[in-house]
Amino acid sequence: MDTRNYSSGRWHNDGVNVPVKLSINEASVASYEKGCVPGNIGAKMQIGERVFYLGTALATTVPGKLYGSDHSTTVTAELANYLDATTFTGTGAIGSSVISLAGAAGTTLWSTAVLVKDHLAGGYLVVSNGTGEGYCYRIKSNDAGQTVGSTVQCTLYLYDPIVTAVATTTDFVVSKNLMSDLIVTNAATDFIVAGVSQVGATYAAATGAIYQWFQTWGPAAGFSKGTAIAGSVLIADSAGDMELATEALSVTRPTIGYQLVAPTAAADYGLVYLTIRP
């Protein structure tokens, strides 16, 4: 009988992909057998009061450290008038779940040089200005980016149908999955935290991203940058560390939880209670 931790928890995915079969202290490269596929990134598992989300890391991971995505480069900036007018018929209309984006040749619609298929899967599209503004849609998949004539374009497929029709003058903000391509939190990641790593795993570009669970809620091991005090509010710091919140730093750093039991020495692991994402 398989008695690993995932069997005693409750996991959730989009109901389309193969179930995730990865224990909380296990890491894997892409594997259909284990359910480590792009469509499962962001799947949720709960064991008692602890909550975990499946993510991918683009760096070697260390247990008890904070990881996040570099949103200064992985979130596409606001896209002005980038609805693809050449394929507008049937896309962007009420009830449609397809939006095609396009821009002038050489325009960067995404952070990668070439947008690969499903790089934005599990991400979000916000209608930021113009017709249909104010709505947020989750992205199910995307076609690979390509240059067509004088434009670069990609097509997004959404989970939900469009509520209010968008137009060729509508502006968008696009983000990939918040749990994908994670690195240790630091100033470059804008201290946007995805979760705490549960296992040490070595990343190699040749084998691809590391799939593993990242804890976001409940009791967890956490590395304290300095002297920890039980009951104190914690914020994210560089190198994936946690530190006591101060009035100055709390303005630019997210609160990630509070200290339950302080370690016996500074710069060591203690017991924290995470409040990143329920």
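For the structure, see preceding data.
Residues numbered from 1 in each chain as written. Predicted model: local features only at pLDDT ≥ 70, side-chain atom pairs only at ≥ 80, totals over all residues. Heavy atoms only, no water.

Student: Please give an account of the overall build of the protein chain that cites residues and values.
Tutor: A tally of helices and strands in the protein chain yields one helix and 18 strands. In the protein chain, which comprises 278 residues, the proportion classed as buried is 46%. Sequence-distant contacts in the protein chain: of pairs separated by 6 or more residues, those separated by 24 or more amount to 67%. Of the roughly 12200 Å² of accessible surface on the protein chain, a fraction of 58% belongs to carbon and sulfur atoms. (Helix = DSSP H or I, 4+ residues; strand = E, 2+ residues; numbered from the N terminus. Buried < 20%, exposed > 50% of the residue type's maximum accessible area, 1.4 Å probe, protein only. Contact = heavy atoms within 4.5 Å. Areas by Shrake-Rupley, 256 points an atom, 1.4 Å probe, with all protein chains shown as cover.)

Student: Give a detailed account of the side chain of T61, specifying residues and quantitative values.
Tutor: Along the chain, T61 falls in the loop between β3 (50-57) and β4 (66-68). Looking at T61, the relative accessible area reads 3%, which means it is buried.

Student: Explain the layout of surface pockets to me, using residue names and the numbers behind them.
Tutor: The computed volume of the second largest pocket comes to approximately 220 Å³. In this structure, the second largest pocket is lined by 14 residues; those nearest its centre are P38, I41, D118, H119 and D181. (1 Å grid on protein atoms, 1.4 Å probe; cavity = no way out; pocket = protein on both sides within 12 Å on 5 of 7 lines; lining within 4 Å. Points joined across faces, edges and corners; volume = space filled by probe spheres on them.)

Student: Can you lay out the nonpolar core for me, pointing to particular residues and giving the numbers?
Tutor: Counting residues in hydrophobic clusters, the biggest one holds 22 residues, and the most contacted among them are L22, L54, M179 and W213. At the level of elements, β2 (44-47), β3 and β14 (210-223) are the ones that each hand at least two residues to this core. Looking at which element gives the most residues to this core, the answer is β3, with five residues. Counting residues in each nonpolar core, the second largest holds 14 residues, with L125, Y137, L156 and V166 among its members. (Core = buried A, V, L, I, M, F, W, Y, C linked by side-chain atoms within 4.5 Å.)

Student: Describe the pairing of strand β7 (residues 124-129), listing the residues and the values that go with them.
Tutor: Alignment of β7 against strand β8 (residues 136-142), held across three bridges, turns out to be antiparallel. Across the sheet, residue Y124 finds its bridge partner in β8, namely R138. In sequence, β7 turns back onto β8 through a hairpin of six residues, with G130 there showing a positive phi of about 95 degrees. In terms of strand pairing, β7 meets strand β11 (residues 171-175) through five bridges, oriented antiparallel. Looking across to β11, one finds that N129 is bridged to D171. (Pairing = 2+ DSSP bridges.)

Student: Run through the pattern of salt bridges, naming residues and quoting values.
Tutor: Under the counting rule described, the total for this entry stands at six salt bridges. Here D237 and R253 are joined by a salt bridge, their closest N and O atoms 2.9 Å apart. Here R253 lies in the loop between β16 (242-244) and β17 (255-261) and D237 lies in the loop between β15 (233-236) and β16, a separation of 16 residues in the sequence. Relative accessible area serves as the criterion here: at 4%, D237 is assigned to the buried category. Ionic pairing is found between E243 and R253, a salt bridge with its closest N-O pair at 3.3 Å. You can see E243 sitting in strand β16 and its partner R253 sitting in the loop between β16 and β17, a full ten residues away along the chain. Both residues of the pair, E243 and R253, count as buried. (Salt bridge = Lys/Arg side-chain N within 4 Å of Asp/Glu carboxyl O.)

Student: Talk me through the side chain of D181; I want residue IDs and the actual numbers.
Tutor: Turning to its location among the elements, D181 is positioned in the loop between β11 and β12 (183-184). Residue classification places D181 among the buried residues on the basis of a relative accessible area of 18%. Setting aside its immediate chain neighbours within four residues, D181 contacts T56, L58, G68, S69, H119 and K176.

Student: Describe in detail the packing of aromatic side chains, supporting the description with residues and values.
Tutor: Throughout the structure, instances matching the rule amount to five aromatic pairs. Relative to Y269, the ring of F223 has its centre 5.0 Å away and its plane inclined at 75 degrees; by these criteria the two rings are edge-to-face. Highlighted residues: F223 in strand β14 and Y269 in strand β18 (residues 269-275), separated in sequence by 46 residues. Each member of the aromatic cluster is reached from another via a ring pair, and the members are W217, Y258 and Y273. One cation-aromatic arrangement involves K65 over F223; the distance from NZ or CZ to the ring centre is 4.2 Å. The lysine or arginine in question, R277, covers the ring of Y53, its NZ or CZ lying 3.7 Å from the ring centre. (Phe/Tyr/Trp six-rings, centres within 6.5 Å; stacked < 30°, edge-to-face > 60°. Lys NZ or Arg CZ within 6 Å of the ring centre and 35° of its normal.)

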